[in-house]
Amino acid sequence: MTKETTVTEETQEQAHPMDELLRMDRMPHIWCPTCGLGTVVTALAMALDKSGISLDDVAVVSGIGCTGRVAGYIKVDSFHTTHGRAIPFATGLHLANPKLKVIVVSGDGDLIAIGGNHFIHAARRNMDITVICVNNFIYAMTGGQVAPTTPLTANASTMPYGNFEPPFNIPYLADSCGASYVARWSSLHVRRMTTAFAEALAAPGFSLVEVVTPCSTLYARRNRLGTGLDLLKFYHDNCEIEHGADTRSLDIDFQSTIKLGKFIERRRPTFLESLDDWYGQVFGDKYEPYAGATSE
Amino acid sequence: MKADPRGVLTGAHYLDGDHAAAEGGLAAGCRFLAGYPITPSTEVAERFAARIPKVGGGVFIQMEDELASMSAILGGAWAGKKSMTVTSGPGFSLMMENLGLGIMMEVPTVIINVQRGGPSTGLPTLPGQADMMQARWGSHGDYEIIAICPSSPQEAFDYMITAFNFSEKYRVPTLVMMDECVGHMTEKVVIPPADEIELTPRKEYTGPPEEYLPYLPDKDMIPWMTKAGDGTRFHTTGLTHDEKGYPVMNADCQETLVRRLIDKIRKNADEIAIVEEEEVDGADVVLISYGISSRVAIPAIERARREGLKVGSLRLVTVWPFPETRVRELAKNVKALVIPEMNYGQIYYEIERCAAGNARTILVPHGGGWVHDVNDVYAGIKEGLK
């Protein structure tokens, strides 16, 4: 420090750039030091800010777990729901008021294990919502249990001798179910992650961004991988960007290369587009398109 | 507030209870139904799916399961649409998870359970009344809820409107506990003109958006509600929360919140209670029943009266909150209360509790699969007169 900062009345009055986007009355947040979630929230707030979407029209829905707490910190209409049910809750919000921009932010366990059925069906229907899946490879809130994303051989409290269950490849799962937009980034790749969030928000249909994040308290500690910072260094040295990669090639093995990028971007009719289009054909002029209508 | 005529199929119809319930929902302004097929309730969803594109301004979706259906209607209600789902026994079990979320978030929604025989898959096509305690206690934690039991297709229509009105007034998921008989019996249903259907509007917050506190209770214990997109940028959670809707993990907040969730229903129990009484004054025995069982009981009561016996009838239309005040009074004036229900004692125990030893309580049980034999109900009445 070369220069001493003195707090003057003037500096105190300056607003934090995130004041409009975050619930500052809830800070400090509950996440551990070097957890990746703060970065994800910042990136989402930045993407929302840049998107030009009115924050009044945005709804954030989370399930349960560390990532489940995201909804509580973003200053939009926000819903902290039940374990695994963020996607169907978001589906209800979206269908009841298609003008809303509905974003699900939840963890790998919430979305892919207990909520896996909802994930695949929302992707199949091409429901026009954005899903941010924060993947820390473990159940963190409950103390480090094995997740459907835990890499083979990695240690978890319920796989005390190492994981022998093959994990899900999330982008491949989303792709195979018909998602319109699929990307994976790490919480080290802040700029690209922010861009991906903005693209996902703009993409009509089911858009998914997986974000690989460090969990220093459980995943890193149990597997002797150092701190969250060490994991970020690991991402720096071992992430490979390959846009358009075949999603079948995106498995994540224990402490080996992680492929990142934008893998899928395709235009498929959304659920409500299909509904309005089909009923328009069936009922002709008598049918009043639903999706354009506002909620009462 | 009057009903929107677009959803009201005014006229005389020949409908089964499931179809009538769907029409009741539409007439009440329901414009979002998320459901999953299950016998014997599916016809409600089918009717809604067929009608909603013609009614307009709404949507039906068949979700991947009942967990998703219940969750989706909570989202739908928060986005400003009156929302409902429909199911039967096994699906009702799955809905318990997000029913709890609806209670905690205080979401006005309606859930129809067309009861069938259980436990488990039980009797998919045959009636039961054995989910009555699940309706009361099925989701974990402590709460109060409203449950209504129609006994005919006409009532399925009428009480769907009541159910939506209760759900809005008290901000609580409201259960319509039908059974397979009521769901599948076809009778005349008269749907009134829209301007004769009175609807309870949502308790909308109209103050400055930045001052909105989503769980600040009004004097009646019910907080004001907004919807997503209104600009209040509220937060809501299934966790124990304060007036801001923010999680607070301590016993004080839990006490304040849970007490209010219970009191807003319990302290209004007399206002919510809907019962039908017949010849209870001077009766020696009063038969207490609900749903289809109250119709099955009619010939037994008539037979007893023909024999000069003094038999009254108390029919519970709302079963939860339990119409405790009336049952307590009644027990003081009669020899016995006779309770026919299609289970081995659920509402019976509530009645026994309220009778508090002042009258004998006689259960006429039935395992489900068909309605009571009238002779069994008659025998129960005779037993009460001993």
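No experiment lies behind these values; they were computed from the predicted model shown.

Definitions and limits used
Residues numbered from 1 in each chain as written. Chains lettered and ligands numbered in written order. Predicted model: local features only at pLDDT ≥ 70, side-chain atom pairs only at ≥ 80, totals over all residues. Heavy atoms only, no water. Helix = DSSP H or I, 4+ residues; strand = E, 2+ residues; numbered from the N terminus. Rg over C-alpha atoms; globule rule 2.2 N^0.38 Å. Buried < 20%, exposed > 50% of the residue type's maximum accessible area, 1.4 Å probe, protein only. Contact = heavy atoms within 4.5 Å. Lys, Arg positive; Asp, Glu negative; His and termini not counted. Charge placed at Lys NZ, Arg CZ, Asp CG, Glu CD. Buried area = accessible area lost by both parts, 1.4 Å probe. Salt bridge = Lys/Arg side-chain N within 4 Å of Asp/Glu carboxyl O. Pairing = 2+ DSSP bridges. Axes fitted to C-alpha atoms, helices over the stretch in contact; angles between N-to-C directions. Expected span 1.5 Å × (residues − 1). Polar contact = N/O pair within 3.5 Å; in protein donor to acceptor, adjacent residues only side chain to side chain. Domains from an automatic or database assignment. Right-handed = clockwise from strand over helix to strand, strands pointing away.

### Observations concerning the overall build of chain B
Then step 1. When you go through chain B residue by residue, the secondary structure sums to 13 helices and 16 strands.
Then step 2. Taking 21 Å as the expected radius of gyration for a compact globule of 386 residues, we find that chain B reaches 21 Å, a close match to that expectation.
Then step 3. In terms of its C-alpha atoms, chain B occupies a principal-axis envelope of roughly 70 × 50 × 40 Å.
Then step 4. Counting every position in chain B, which comprises 386 residues, the buried fraction comes to 64%.
Then step 5. Within chain B, contacts between residues separated by at least 24 positions form 77% of all contacts whose residues are at least 6 apart in sequence.
Then step 6. Within chain B, the 52 negative side-chain charges are centred at a point lying 2 Å from the centre of the 38 positive side-chain charges.

### A few points about the side chain of R260 of chain B
Then step 1. Here R260 of chain B shows up in helix α8 (residues 251–266).
Then step 2. R260 of chain B sits in the buried class, given a relative accessible area of 9%.

### Thoughts on the interface of chain A and chain B
Then step 1. Taken together, the contact pairs 45 residues of chain A with 45 residues of chain B.
Then step 2. Buried surface at the junction of chain A and chain B, both sides included, amounts to about 3,600 Å², of which 57% is carbon and sulfur.
Then step 3. Summed over the shared surface of chain A and chain B, the number is five salt bridges.
Then step 4. When the shortest N-O distance is used, the salt bridge between R233 of chain B and D56 of chain A registers 3.0 Å.

### Concerning the sheet that holds strand β11 (residues 275–278) of chain B
Residues and elements named next belong to chain B.
Then step 1. Pairing in this open sheet of five strands is mixed, and the strands run β11-β13-β12-β15-β16 from one edge to the other. Each edge of the sheet is formed by a strand with only one pairing partner; in this case those strands are β11 and β16 (360–365). On average, each strand axis in the sheet is tilted by 20 degrees relative to the strand beside it, whichever way the strands run.
Then step 2. Sheet topology note: the β11/strand β13 (residues 311–316) ladder contains four bridges and is antiparallel. Bridge assignment links E278 to a residue of β13, and that residue is S313.

### Some points on α8 of chain B
Residues and elements named next belong to chain B.
Then step 1. End to end, α8 covers 21 Å across 16 residues, agreeing with the expected 22 Å (1.5 Å per residue, within 8%).
Then step 2. If you check which residues of α8 are buried, you get C253, L257, V258, R260, L261, I262, D263, K264 and I265.
Then step 3. Its buried side turned inward, α8 meets α4 (89–105), β7 (146–148), α6 (153–170) and α9 (269–272).
Then step 4. Capping the start of α8, N250 holds a side-chain oxygen 3.1 Å from the backbone nitrogen of D252, two or three residues further along.

### A few points about the sheet that holds strand β1 (residues 58–62) of chain A
Within a beta sheet, neighbouring strands are joined by backbone hydrogen bonds and run either parallel or antiparallel to one another.
Then step 1. The sheet built from nine strands is open, its strands ordered β9(A)-β10(A)-β7(A)-β8(A)-β4(A)-β3(A)-β1(A)-β2(A)-β10(B) with mixed pairing. Looking at the sheet topology across the chains shown, the edges are occupied by β9 (239–241) of chain A together with β10 (235–237) of chain B. Strand-to-strand twist across the sheet, computed as the mean angle between neighbouring axes with direction ignored, equals 20 degrees.
Then step 2. In terms of strand pairing, strand β2 (residues 77–80) of chain A meets β10 of chain B through three bridges, oriented parallel. Bridge pairing links F79 of chain A to T236 of chain B in β10 of chain B.
Then step 3. The sheet strands contacting helix α2 (residues 37–51) of chain A are β1, β3 (101–107), β4 (130–135) and β8 (207–212) of chain A, and the helix crosses β4 of chain A at an angle near 160 degrees.

### Details of the domain arrangement of chain B
Residues and elements named next belong to chain B.
Then step 1. Entries for chain B in the domain assignment read domain 1 (5–196) and domain 2 (275–385).
Then step 2. The C-alpha-based centres of domain 1 and domain 2 are spaced at 27 Å.
Then step 3. Contact residues are listed per partner, giving 29 residues for domain 1 and 24 residues for domain 2.
Then step 4. For the pair domain 1 and domain 2, the summed buried area comes to about 2,000 Å², and 59% of that belongs to carbon and sulfur atoms.

### Re the pairing of β16 of chain B
Residues and elements named next belong to chain B.
Then step 1. Across six bridges, the pairing between strand β15 (residues 336–341) and β16 is parallel. Looking at the pairing, E341 lines up with P365 of β16.
Then step 2. Read as a crossover between parallel neighbours, the route from β15 over helix α12 (residues 347–355) to β16 is right-handed.

### Topic: the pairing of β13 of chain B
Residues and elements named next belong to chain B.
Then step 1. Most of β13 sits out of view: six of its six residues are buried.
Then step 2. Of the two faces of β13, the one lined by V311, S313 and R315 and the one lined by G312, L314 and L316 are each fully buried.
Then step 3. Remark: the strand β12 (residues 285–289)/helix α10 (residues 292–306)/β13 crossover connection has right-handed handedness.

### Description of the environment of I112 of chain B
Residue and element names in this part refer to chain B.
Then step 1. Looking at the element boundaries, I112 is found in strand β5 (residues 110–117).
Then step 2. According to the relative accessible area criterion, I112 is buried, its value standing at 0%.
Then step 3. The sequence separation of I112 and G141 amounts to 29 residues, and the corresponding C-alpha distance is 21 Å.

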